[in-house]
Amino acid sequence: MLNKNKNYFKGLPRRLVMIRCNIFYFGFFALLNFQLLATPLKINKLFCEYQENPLGIDVTQPRLNWDYITTDRNEVQQGYEIIVTELNNGNTTEVWATRKIISKKNTNIEYAGNPLKSFTRYFWKVRTYNEQNEVSEWSSAAWFETAMLDKADWQAKWIGDDRQQFEKDEDFYQDDRMPLFRKILLIKKEVVQARLYISGIGYYEAYLNGKKVGDRMLEPGWTTYKKEVLYSTYDVTQLIKSGKNSAGIMVGNGWYNPLPIRLFGRFNLRNAQETGRPCVKAEIHIQYKDGSKEQINTDESWWTALGPVIRNNTYLGEHYDSRLEQSGWLSNKDLPWKSVVIVKGPSGILHSQMQPPIRITKILKPISIKEIAPDKYIADFGQNFAGVARIRVKGAKGIRIKLKYGEALHADGTLNYLTTVAGQIKEIWNVKGGPGAPATAWQEDEYILNGSGVEEWNPRFTYHGFRFVEISGWPGKPDINSIEGLRMNADLQEAGTFSCSNEMFNQLHQVINWTFLSNVFSVQSDCPGREKMGYGADVVVTANAFMYNFNMSSFYEKVERDFANEQQPDGGITEIAPYTGIADRGYGGESGPLGWQLAFPYLQDQLYEFYGDSKIIAQNYTAFQKQIEFLKTHAIQGLYHWDIGDHVTIDPKAEAFSASAFYYHHVILASKFAGILKKKEDSISYSKLATEIKQTIIQKYNVPNTGRFDNATQAAQSFALWYDLPTDTNKALEVLEQEIKRHNNHVSSGIFGVKMMFDVLRENNRNELAYAVANQHDFPSWGYMLAKGATTLWEDWNYPDNAPSQNHPMFGSIDEWFYRSLLGINAASPGFDKIIIKPQPVSDLTWAKGSYNSIKGKIASDWKMNSHEFELTVSIPSNTTATIIIPCNSSQRISESGIQTTIFKFEKGLAYIQVGSGVYHFKSKL
């Protein structure tokens, strides 16, 4: 079955290589039999580091990609040319010209020209050759601009004010006005270009001449500050003028200066991370028309004063006293402020922030505002989401308006804040947050009016998870124009679309997207209210669903670095990254349970599979080897015996079995990665270890001659089948099917079992059963959540009213099934060079359509059927091939665009057809 020359296939479960192996079955490049006239390829978009025209990269060998406008069938690239030029003081110099390279590759081509320079814009263009050696036109020029390519490029200093950090825990909860920083810039020449390079931690907002720089929120992204700190680059050319200019920076605590609050009564973030007082490091680089340059850095010449943000915390919220606003601080007037002090700042290396920034991506109006008691109103936004409220209000000076946030209401109409309370610190549960912490750690913002007329405000340095806002202290009565909801999230680029004839699925797909976007704030979090942390297991089970819906390339590269930055000295990987002190059921030290540690290698694997880049595997290979050695050392009799396991499962957990399976998965990936990197001896060694682990698992947990594994629940059987453990797959499937039917076709699994079960049913052509489970409307099911009014997914199958979150992504793994099974869009090789389109229609579904914008281009699948005919329209991007698998009752009864087509395989009612790029319209008889 396997290509024996590929070492990285050895030891892998079938499910991890079956798609790749299918291409050998179906005939490699059978499409060459097509003798169609070709035309020069038409280049569409150019990407550098997965972005169009990125500003401020710090990669010395950036990756270049391009895709095509697919116009003709069977468009194949035979070669390419790239030219890169440097722009310096208006002059262009060629720094890389590849000449013609014979290669089909159009993704992840590393720059290999003259060494790049910092603070320089480079233009690049490409032209390509088709199989008839016809050359395309040169593409339009794209560009990338470098920032600090060497840490020595930084000349600025970290600045802060002269206040010392609190010593007693309780003091952190008192008012603590955030500092403002400013400097007057005197510009005497005509400016042609200006850049701001800045990092302000915890969070910052920068201003030039009274205008906010950019539209980003909660900058920079949260990292392990002792290892890495992110900075951003802004084009501020249009904000600088001749004469006096004012530069201002406002900072907040963010994750760098957290409260010493004991989440869950135990975990103090200040003990887990490097912390400090808010500080800023920034440089403004100016280029003048006469060719001269000037650099303005944060140093002793800057000034500081206390600002109007009197409290701010990522969990508890922000308090803002507008009476304390500094008059004229954004003007170019001299003010009697104090000199800043130079501070040490964080220890981490400054890196350019490449993941999508957090922005306001939608503004919601309340669907109602109701008075529930004197001076208490509830604004209902009709949708659970993450962000903050923005208010417009007019009233007397000193009036205090409080905003409390929650996901639900109690039966009496009052706010239910219990599902979003930070770390379950609740007075009614007697869970205490430590000295000075509030008895109940709810999400609350406060604004104090200055009485100057209509005042508009929203918090800057916090975010919440909510649908409802309780308003108190409002002068008069608020109406629907008084408050808005600002949805915030990493501004991910949409990659996929999906819809079908099942309206519940369409609604669920939208709910999943709202849930996903609520949980991308530079980390992929478990929930936007109670924890906001980057748990590894949530990443593992939803990574594919995220990647079908959004371009996750740079976001997940950042998440991967977070886990790498938190690797412990002994090699263990933490449960959460950045690490917050939580190490539940780990294996000594600060390591996490194996299902959560799995995020570290699993993300590398999925970035390789979806985007075709092995660079991230190479960069992390040594660290992964260290993790494998840690796991080998801590195994007991060759296996693992505890884990958090299948979180919130309804059936009893097969905890030890799942822990051992996760151990097996780590070693499988080690073998695969060694093969990809051509480390033959490592690959053989890891493959041997994987085989030993597999045999030991089977010996311990397989019930002979029954198909049962461990306690034979849905999750246990799904684990066994997902990892290709059964010697008799059909028997194991029968047990899984019996378990599903025992639950009346309802799901009974948790975080891992759900994803695995839908994968297993899809891969084994049991889609009618998968559909039956997905389409339930009573407990437990996704339909039950929707019937109960859920607008984001719950953390539990039961309705959460006091502990679990109502905005939790893990059960969104089913969205992957919409793309892989209902649309049938799958990769047959890394980076979608080869594609499989295999829609699996079911009796109750009459149509489905959607697309996935892969790194190679847009892949579309659109089908409909009735009792006697199946129609499928597909779009395959240029420079790729695809195997189309279509249901059909006879190998002779399938046509493409009205002409009977040739198939190369017919098996079990499925016709296999191979095509190149283009749009195809198939019909088959059923």
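Cut-offs applied
Residues numbered from 1 in each chain as written. Predicted model: local features only at pLDDT ≥ 70, side-chain atom pairs only at ≥ 80, totals over all residues. Heavy atoms only, no water. Helix = DSSP H or I, 4+ residues; strand = E, 2+ residues; numbered from the N terminus. Rg over C-alpha atoms; globule rule 2.2 N^0.38 Å. Buried < 20%, exposed > 50% of the residue type's maximum accessible area, 1.4 Å probe, protein only. Contact = heavy atoms within 4.5 Å. Areas by Shrake-Rupley, 256 points an atom, 1.4 Å probe, with all protein chains shown as cover. Lys, Arg positive; Asp, Glu negative; His and termini not counted. Charge placed at Lys NZ, Arg CZ, Asp CG, Glu CD. Core = buried A, V, L, I, M, F, W, Y, C linked by side-chain atoms within 4.5 Å. Expected span 1.5 Å × (residues − 1). Polar contact = N/O pair within 3.5 Å; in protein donor to acceptor, adjacent residues only side chain to side chain. Pairing = 2+ DSSP bridges.

Draft legend 1. Focus on the overall build of the chain. Assigned secondary structure in the chain consists of 16 helices and 50 strands. Here the chain has a C-alpha radius of gyration of 29 Å; the compact-globule value for 926 residues is 29 Å, and the two agree. If you line up the chain on its principal axes, its C-alpha atoms span 85 × 70 × 55 Å. Residues classed as buried in the chain amount to 63% of the 926 residues present. Residue pairs in contact within the chain that sit at least 24 positions apart in sequence constitute 74% of those at least 6 positions apart. Surface exposure of the chain reaches about 33500 Å², of which carbon and sulfur atoms provide 47%. If the 101 positive side-chain charges of the chain are averaged to one point and the 101 negative ones to another, these points end up 3 Å apart.

Draft legend 2. A look at the nonpolar core. Formed by 224 residues in total, the largest nonpolar core has its most connected members in Tyr556 and Ile884. Top element by residues in this core is helix H9 (residues 655–676). It accounts for 13 residues. Every residue in contact with Tyr556, bar those within four places of it in the chain, is listed here: Gln524, Val539, Thr542, Ala543, Phe546, Met547, Leu603 and Leu607. If you look at the next biggest cluster of nonpolar residues, it comprises 26 residues, including Ile187, Leu196, Leu208 and Ile284.

Draft legend 3. The arrangement of the environment of Lys281 in detail. The residue Lys281 is located in strand E19 (residues 279–288) in this model. Sequence spacing of Lys281 and Tyr579 is 298 residues, and the spatial spacing of their C-alpha atoms is 24 Å.

Draft legend 4. Representation of helix H12 (residues 729–742). The end-to-end C-alpha separation of H12 is 20 Å, in line with the 20 Å expected for 14 residues at 1.5 Å each. Along H12, the positions that sit buried rather than exposed are Thr729, Ala732, Leu733, Val735, Leu736, Glu737, Glu739 and Ile740. You can read the cap of H12 off the contacts: a side-chain oxygen lies 3.2 Å from the backbone nitrogen of Asn730, and it is on Asp728. One or two steps after H12, the chain reaches Asn744, where phi turns positive at roughly 55°.

Draft legend 5. Molecular detail of the side chain of Glu816. Here Glu816 shows up in helix H16 (residues 814–823). Residue class for Glu816 comes out buried when judged on its relative accessible area of 2%. At a separation of 3.0 Å, a polar atom in the side chain of Glu816 contacts the side chain of Lys755. In this structure the side chain of Glu816 is engaged in a polar contact, spanning 2.8 Å, whose partner is the side chain of Arg820. Discounting chain neighbours no more than four positions away, the residues touching Glu816 are Asn544, Ala545, Tyr548, Lys755, Asp759 and Arg762.

Draft legend 6. Here's a closer look at unusual backbone geometry. Residue Pro220 is bonded to the preceding Glu219 through a cis peptide linkage, with omega at -10°. Structurally, Pro220 is set in the loop between strand E14 (211–212) and strand E15 (228–235). For the bond from Ala577 to Pro578, the omega torsion is -10°, close enough to zero to count as cis. Mapped onto the elements of the fold, Pro578 is located in the loop between helix H5 (553–565) and helix H6 (594–597). A positive phi is found at Asn74, a non-glycine position, where the angle reads about 60°.

Draft legend 7. Region of the structure containing the pairing of strand E41 (residues 834–837). The two faces of E41 match: Lys834 and Ile836 on one face and Ile835 and Ile837 on the other face are all buried. Bridge count for strand E40 (residues 825–827) against E41 is 3 bridges, and the pairing is antiparallel. The partner of Ile825 across the bridge, within E41, is Ile837. Summarising the sheet, E41 and strand E45 (residues 881–887) pair through 4 bridges and their orientation is parallel. By the bridge assignment for E45, Ile835 is matched with Ala882.

Draft legend 8. Spotlight on helix H3 (residues 503–518). The end-to-end C-alpha separation of H3 is 23 Å, in line with the 22 Å expected for 16 residues at 1.5 Å each. The element H3 is extensively covered by neighbouring structure, given that 13 of its 16 residues are classed as buried. N-capping of H3 is provided by Asn502, with a side-chain oxygen placed 2.9 Å from the backbone N of Met504.

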